[in-house]
Amino acid sequence: SVTGNIVNESLAGIYSYDNSGTISGNTLNYTPAGMGGTPYWFGIVAENGTVQIQNNELMGGGNGAGIEVDAYNGEVTNASVLNNKLQNFDENIVIYTQGSGSVAGTTINENSLTGAIGKNIHNYGSVSIPATCNWYGTINAAAVAATLSGPLAHIPYLINGTDNSVSVGFLPVP
């Protein structure tokens, strides 16, 4: 498990490869000035394993991917992305597969995903990912849809972005 860390200005903040466990209670912060000439950065990456990514806060500084779930040829990545707060990445959450890689068991629920320069969730794969009950910074259906790309089951989505907890992460109001 990776828990309770503060990561500032790192190319890949937390990288879970060929591993199962929990990534929770972490705070990751990025700024263009702090990253210098780095063209793209990654907050949390999960590849080839079963990972619960929960109760983290990530601030992107207008670039990079906040949380990325990857599965390359032959890999299987099942990630539960729950109760995270992501702001201002190029893409807040990325789902990426290549060849026979599978992310079919991945879910994205009850997160606050706001301020993405590109997309709040971008699924580059062909399998639909359940992504319900997330807050996108608006209740306008067309505006929500415009922040998403790829096969996603995103309805219903949250209509209130209030964080019901002072702890790290995002807990939507009931």
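Residues numbered from 1 in each chain as written. Predicted model: local features only at pLDDT ≥ 70, side-chain atom pairs only at ≥ 80, totals over all residues. Heavy atoms only, no water.

**Student:** Explanation requested: the pairing of strand β4 (residues 21–24) in the structure shown.
**Tutor:** Consecutive side chains along a regular strand alternate between the two faces of the sheet. Strand direction decides the pairing type here: strand β1 (residues 2–3) and β4, joined by two bridges, are parallel. Of the residues in β4, the one forming a bridge with Val2 is Ile23. Summarising the sheet, β4 and strand β7 (residues 49–54) pair through four bridges and their orientation is parallel. Its bridge partner lying in β7, Thr22 is registered against Gln52. (Pairing = 2+ DSSP bridges. Helix = DSSP H or I, 4+ residues; strand = E, 2+ residues; numbered from the N terminus.)

**Student:** Any chance you could explain the packing of aromatic side chains here in plain terms?
**Tutor:** The geometry of an aromatic ring pair is captured by two quantities: the separation of the ring centres and the angle between the planes. Counted under the stated rule, the structure contains six aromatic pairs. The interplanar angle of 70° and the centroid separation of 5.3 Å between the aromatic rings of Tyr40 and Phe42 together place this pair among those described as edge-to-face. A relative accessible area of 26% means that Tyr40 is categorised as partly exposed. Centroid distance Tyr96 to Tyr124: 6.1 Å. Interplanar angle 65°. Geometry classified as edge-to-face. Highlighted residues: Tyr96 in strand β12 (residues 91–97) and Tyr124 in the loop between β15 (119–123) and β16 (129–130), separated in sequence by 28 residues. (Phe/Tyr/Trp six-rings, centres within 6.5 Å; stacked < 30°, edge-to-face > 60°. Buried < 20%, exposed > 50% of the residue type's maximum accessible area, 1.4 Å probe, protein only.)

**Student:** What's the story with the pattern of salt bridges in this structure? I'm lost.
**Tutor:** Any two side chains of opposite charge can pair, on the condition that their charged atoms come close. Here the structure, examined in full by the defined rule, presents two salt bridges. For Glu57, the salt bridge goes to Lys85, with nearest N and O atoms at 3.9 Å. Within this pair, whereas Glu57 is found in strand β8 (residues 57–59), its partner Lys85 is found in strand β11 (residues 85–87), the two being separated by 28 residues in sequence. Measuring nitrogen to oxygen at the nearest pair gives 3.2 Å for the salt bridge that ties Asp163 to Lys85. Taken together, the residues Asp163 in the segment after β18 (152–153) and Lys85 in strand β11 connect sequence positions 78 residues apart. Residue Asp163 is classed as partly exposed on the basis of its relative accessible area, which comes to 21%. For Lys85, a relative accessible area of 22% gives the class partly exposed. One connected set of salt bridges, linked through shared partners, spans Glu57, Lys85 and Asp163. (Salt bridge = Lys/Arg side-chain N within 4 Å of Asp/Glu carboxyl O.)

**Student:** Help me understand the nonpolar core in this model?
**Tutor:** In a soluble, globular protein the nonpolar side chains are often hidden away together inside. Core analysis: the largest hydrophobic core is formed by 32 residues, its most contacted members being Ile44, Ile53, Ile67, Val81, Ile93, Ile108 and Ile121. The dominant element in this core, judged by the number of residues it contributes, is strand β9 (residues 65–71), at three residues. Excluding its chain neighbours within four sequence positions, the residues that come into contact with Ile44 are Ile14, Ile23, Leu28, Ile53, Asn56, Leu58, Gly66, Ile67 and Glu68. (Core = buried A, V, L, I, M, F, W, Y, C linked by side-chain atoms within 4.5 Å. Contact = heavy atoms within 4.5 Å.)

**Student:** So what exactly am I meant to see when it comes to the sheet that holds β8 here?
**Tutor:** Sheets are built from strands that pair by backbone hydrogen bonding, the pairs being arranged parallel or antiparallel. Here five strands make up an open sheet; going across it, the order is β2-β5-β8-β11-β14 and the pairing parallel. Two strands bound the open sheet, and with one partner strand each, they are β2 (6–8) and β14 (112–114). Averaged over neighbouring strand pairs, the angle between their axes works out to 5° when direction is ignored. In this sheet, β8 lies alongside strand β5 (residues 27–29) in parallel orientation, the contact comprising three bridges. Looking at β8, one finds that Asn29 is bridged to Met59. (Axes fitted to C-alpha atoms, helices over the stretch in contact; angles between N-to-C directions.)

**Student:** Help me understand the environment of Tyr15, please; the structure alone is not making it clear to me.
**Tutor:** Structurally, the position occupied by Tyr15 is in strand β3 (residues 12–17). Residues Tyr15 and Gly43 lie 28 residues apart in sequence; the distance between their C-alpha atoms is 8.3 Å. If we ignore the near neighbours within four places in the chain, the residues touching Tyr15 are Val45 and Glu47. At a separation of 2.5 Å, a polar atom in the side chain of Tyr15 contacts the side chain of Glu47. (Polar contact = N/O pair within 3.5 Å; in protein donor to acceptor, adjacent residues only side chain to side chain.)

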